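Examination of the molecular architecture
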Amino acid sequence: MEVDFLVIGSGLAGLTYVIKVAEKFPDKKVLVVAKGGQEDSNTHFAQGGVAIVQLESDSFEKHVQDTLTAGDGLCDEKIVRMVIREGPSCLSDLVNWGVDFDKDSKGQYDLGKEGGHSQNRVVHHKDITGEEISRALIERLDQLNNVKYLTEHFAIDLITEHHFEPRTISDSVTCYGAYILNEINDQIITVRSGITVLATGGIGQIYKQTTNPLIATGDGIAMAYRAKANIKDLEFVQFHPTALYDPKESPSFLISEAVRGAGAILRTIDGRAFMQDYDPRADLAPRDIVARAIDTELKNRGDNYVLLDCTFIDNDTFSTHFPNIKSRCLESGIDVHESPIPVSPAAHYVCGGISVDEYGQTSIRNLFACGECSRTGLHGGNRLASNSLLEAFVFGERAASQSSKLIEKVDLKITAPNWKSTGTVTSKEQILISHNRNELREIMQNYVGIVRSNERLERALKRLKLIYLETEGLYKKEKISVELCELRNMIAVAYLVVTLSQKRLENCGGYYNIDLK
Ligand code: FAD
Ligand code: SIN
């Protein structure tokens, strides 16, 4: 298959890119592929909303300062300023594409507040903002005749010089498209594209406890790493403080930070409000501080969860803003108006990823990355709540505008080689794959969590190496399945999280190693 633009991933970042290039070039072919179904993305599950300056009492400068403070000195200030200034245009495009953000009785956007924000500035659709954004953008996609959207199509690898025979030796790598596995009929398609975009989302699934859906296995980051792109800051895994505590449920259901923004308070099981002991901003301190405080309380007390007390929030206010959270809690027998919600931290977001410039250009020619799989410099050591949907839009848009300039110069005459192997793995091997996947998630949960140490990191690395050798053994038989590819990707990403953690020499943002200052 030959296309002008290949986009891997249909979350907010990928879809923004697609809509922008498809609108600009009605005669060019745009292909967007996604593994699983339309709902399988982190975007779909986003709750709190999108941080965009609106109120007169607010300003770009205040949002910039909040972002820099959360990032703990590691943000790229130029990028922070740029992204935040583009907030209003993000809002107007999303609204034009049909996203319905909640308004108050005066017709103004109803603005939520979350940890680390000095102002109310989070536009949202109840507590299902991501579902609403996905719905509207997919409907917009349907109106674009030059876009082909293939769900259940899994990207295996990027096509680069490394796949050509004889291998061309060059200092810089170029991307020529990707190998895509049709999950329904197991056919592997060679997609030759002028420009390729990775918008594959996060890595939460490398942890046992995560808010991320099953698709979040870091595929784009692993593909880019294998293709020799620069990867940065993966040690900054963000743990959300308040996932519903239910050991039987995976992924964990999120209790939005906006609930604390509406006044909810964290307490130990015996009712003590503890956040004031850790930070003057108490329950609305940035996420890394709250997650670490909960972790400390749990370890000191030997408890499995803390409580999020919403019982004193006005019933109507809670029900209007958080209907989904209310009904999910009821399914677990918790009436949020009567009893506090048991919560514990869970892996939620990765601040690092594929290193890109201000246009989403990676270190590989004709390859862009945007959204959670990319590392733009916006988040530094810790992402400010509700800044990632904003980033996904802004970089989707900027990558599209840069690609528009590049596409006319791209040479599509070079033919890409076809994928070599045939066949799929046997069911016996599938069991080995799922054992290794579970083991990897345990390792990361136990040794590479909120609090790390040199010894824990070393243990994790040793165990990952074993899983790596076993998995490469299966892969070298040249048989393929989504599960095997995902496991390979998870190993690569976990390896990067551990080794980049080992290279970090001081604690900062969401990174905390007890052996460092
Ligand atoms: P995603 O939305 O994750 O999309 C990734 C896409 O890539 C999917 O379509 C997937 O199928 C596809 N894909 C992945 N690998 C492959 C492959 N190998 N082949 C083909 N396709 C592939 N952020 C906020 O700013 N505000 C919030 O309120 C908020 N709430 C959140 C709540 C939850 C429960 C979670 C999990 C995250 C939340 N976040 C929030 C974070 C935010 O949702 C994500 O960072 C953001 O949606 C990422 O968008 P994306 O487009 O980069 O990736
Ligand atoms: C939440 O609603 O708490 C999630 C917000 C985010 O991850 O930015």
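Further up the page is the structure itself.
Just so it is clear, the structure is predicted and the values come from calculations on it, not from any experiment. (Residues numbered from 1 in each chain as written. Chains lettered and ligands numbered in written order. Predicted model: local features only at pLDDT ≥ 70, side-chain atom pairs only at ≥ 80, totals over all residues. Heavy atoms only, no water.)

1. Thoughts on unusual backbone geometry
- With omega at -5°, the peptide bond leading from S250 into P251 counts as cis.
- We note that A282 has phi near 50°; this positive angle belongs to a residue other than glycine.
- Taking relative accessible area as the criterion, A282 reaches 11% and is therefore assigned buried.
- Residue S386 is not a glycine yet carries a positive backbone phi of 65°. (Buried < 20%, exposed > 50% of the residue type's maximum accessible area, 1.4 Å probe, protein only.)

2. With respect to the sheet that holds strand β9 (residues 231-232)
- Pairing in this open sheet of three strands is mixed, and the strands run β9-β14-β16 from one edge to the other. Here the strands that pair on one side only, and so sit at the sheet edges, are β9 and β16 (374-375).
- With respect to the sheet, helix α7 (residues 219-226) is in contact with β9 and β14 (353-355), its orientation differing from that of β14 by roughly 45°. (Pairing = 2+ DSSP bridges. Helix = DSSP H or I, 4+ residues; strand = E, 2+ residues; numbered from the N terminus. Contact = heavy atoms within 4.5 Å. Axes fitted to C-alpha atoms, helices over the stretch in contact; angles between N-to-C directions.)

3. Considering the sheet that holds strand β10 (residues 237-244)
- Spatially, four strands are ordered β10-β13-β12-β11 in an open sheet, and the strand pairing comes out antiparallel. The two strands at the open ends of the sheet, each matched to only one other strand, are β10 and β11 (265-267). Here the average twist between neighbouring strands, direction ignored, is 45°.
- The pairing of β10 with strand β13 (residues 341-350) spans six bridges and is antiparallel. Bridging from a neighbouring strand, H240 pairs with A346 of β13.

4. Topic: the site of ligand 2
- Lining the immediate surroundings of ligand 2 are Q47, G48, E114, H240, L254, S256, E257, R287, H348, R383, A385 and S386.
- Here an oxygen atom of ligand 2 and a side-chain polar atom of H240 are 2.8 Å apart.
- In the environment of ligand 2, an oxygen atom lies 2.7 Å from a nitrogen or oxygen atom belonging to the side chain of R383.
- For ligand 2, whose unbound accessible area comes to 260 Å², protein coverage reaches 92%. (Near = heavy atom within 4 Å. Polar contact = N/O pair within 3.5 Å; in protein donor to acceptor, adjacent residues only side chain to side chain. Areas by Shrake-Rupley, 256 points an atom, 1.4 Å probe, with all protein chains shown as cover.)

5. Re the nonpolar core
- L198, I206, M444 and V497 are the most contacted members of the largest nonpolar core, which has 78 residues in total.
- Looking at this core, the element that brings in the most residues is helix α15 (residues 482-503), giving 13 residues.
- Those residues within four positions of M444 in sequence are excluded, and the remaining contacts are I206, Y207, G449, L464, A494, V497 and V498.
- Grouped together as the second largest cluster of nonpolar side chains are 58 residues, I52, I84, I133 and F395 included. (Core = buried A, V, L, I, M, F, W, Y, C linked by side-chain atoms within 4.5 Å.)

6. Quick look at the packing of aromatic side chains
- Across all of its chains, the model carries 11 aromatic pairs by this definition.
- With centroids separated by 5.1 Å and ring planes inclined at 55°, the aromatic side chains of F318 and F322 adopt a geometry described as tilted.
- The class for F318 is buried, based on a relative accessible area of 1%.
- Counting every residue linked through ring pairs, the aromatic cluster contains F5, Y17 and F25.
- The ring of Y349 is capped by R383, whose NZ or CZ atom sits 4.1 Å from the centre of that ring. (Phe/Tyr/Trp six-rings, centres within 6.5 Å; stacked < 30°, edge-to-face > 60°. Lys NZ or Arg CZ within 6 Å of the ring centre and 35° of its normal.)

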